[in-house]
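Structure assessment
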Amino acid sequence: MTDSLSDPHRALHDSALGKATAYVDQYEPGLLFSIARAPQRAQIGITGQPRFFGADLWTAFELSWLNPRGKPQVAIAHITVPCESTHMVESKSFKLYLNSFSGTRFAGADEVRQRIQADVNAAIWQGRAVQASAGVRLVAPDLFDQQPIHELDGLNLDRLDIECTHEQPAPELLVAAFDEQPVEETLTSRLLKSNCPVTGQPDWGSLQIRYTGPQIEQGGLLRYIVSFRRHNDFHEHCAERVFTDIWQHCRPTKLVVYARYTRRGGLDINPWRTSHPGPIPANVRTARQ
């Protein structure tokens, strides 16, 4: 696996992202490209242990391999990457890596699952002791029609008729009623959009914010979400920026931020960050995914 070390610009320059690439069809774990989490976190004031827990929930819709007799097999893969890991996996390299299974014979789906889990762990921990393992679950074709579709639960902020003037993250738009009784509510929006930091391609997402604390002014929160529209960053970092900005400006006692991005290259990435330990949400896609 390729390591990004500590320089995210060098890492992105050296990755396959935004470049013409040959598609390898023989199993090759070295295609996975790791990006250190720490440099981007430092840009939003996170040093040392983050104040959140969480995971990145991946869905891979283009996974195929050969059985021992050479017959192609297919599955949907759900991969859970703990946010405590020192590194994350760059998505195009993940696509290329999964494609490398397509011409390789495996004894069965469980061997494929174990290989993916071991390789992802190696990529996200980069030789360090695995403190929290990646999770991998394969969905067989006879269960495809049981895969649910459900929109994020909560009060939809998109109903608000607001003027939007910011196109880069503007945390100053976040306002909370500190002099009133705290509330517990869940808010959602389908208007999250950011851009790939290398190619500039748009990343479309839905966002769920669940919190307890001073009530957040909804118009300002929606304007803040829309302000990511020209922001260039990876999905995982955008979710952590949203969490950090709300935590600092609105001072909730509990906060959960969950983003579900539409797929690209047969993969979707859905970062989930929470201020308190709890069960990881079920990886259920929205209609746009």
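Above this text is the structure in question.
Another point: the packing of aromatic side chains. Inspection of the entire model under this criterion finds 10 aromatic pairs. Note on Y27 and Y97: the rings are 6.5 Å apart at their centroids and 55 degrees apart in plane angle, and the pair reads as tilted. Of this pair, Y27 sits in the loop between helix 1 (8-14) and strand 1 (34-36) while Y97 sits in helix 3 (residues 91-99); the two residues are 70 residues apart in sequence, bridging distant segments of the chain. Here Y27 falls in the partly exposed class, since its relative accessible area comes to 21%. With relative accessibility at 0%, the residue Y97 sits in the buried group. Between the aromatic rings of F52 and F243, the centroid separation amounts to 5.4 Å while the plane-to-plane angle is 75 degrees, which identifies the pairing as edge-to-face.

In total, this model carries 10 salt bridges according to the counting rule given. Here R41 and E240 are joined by a salt bridge, their closest N and O atoms 2.9 Å apart. Taken together, the positions of R41 in helix 2 (residues 38-43) and E240 in helix 6 (residues 235-250) put the pair 199 residues apart, joining distant regions of the chain. For the residue pair R41 and E240, the accessibility class agrees, reading buried in each case. Of the charged contacts, one joins D203 and R264 as a salt bridge, the two residues approaching to 2.5 Å between their closest N and O atoms.

Attention now moves to the nonpolar core. Grouped together as the largest cluster of nonpolar side chains are 30 residues, with contacts concentrated most on L207, I209, L221, Y224, I225, V242 and I246. Among the elements of the structure, strand 8 (183-195), strand 9 (202-213), helix 5 (218-226), helix 6 and strand 11 (254-261) are those that each provide at least two residues to this core. The residues touching L221, leaving out its near neighbours within four places in the chain, are L157, L174, L187, I209, I216 and I246. One finds A75, A77, V120 and I124 within the second-largest nonpolar core, a separate group that totals 26 residues.

Cut-offs used in this document
- Residues numbered from 1 in each chain as written.
- Predicted model: local features only at pLDDT ≥ 70, side-chain atom pairs only at ≥ 80, totals over all residues.
- Heavy atoms only, no water.
- Phe/Tyr/Trp six-rings, centres within 6.5 Å; stacked < 30°, edge-to-face > 60°.
- Helix = DSSP H or I, 4+ residues; strand = E, 2+ residues; numbered from the N terminus.
- Buried < 20%, exposed > 50% of the residue type's maximum accessible area, 1.4 Å probe, protein only.
- Salt bridge = Lys/Arg side-chain N within 4 Å of Asp/Glu carboxyl O.
- Core = buried A, V, L, I, M, F, W, Y, C linked by side-chain atoms within 4.5 Å.
- Contact = heavy atoms within 4.5 Å.

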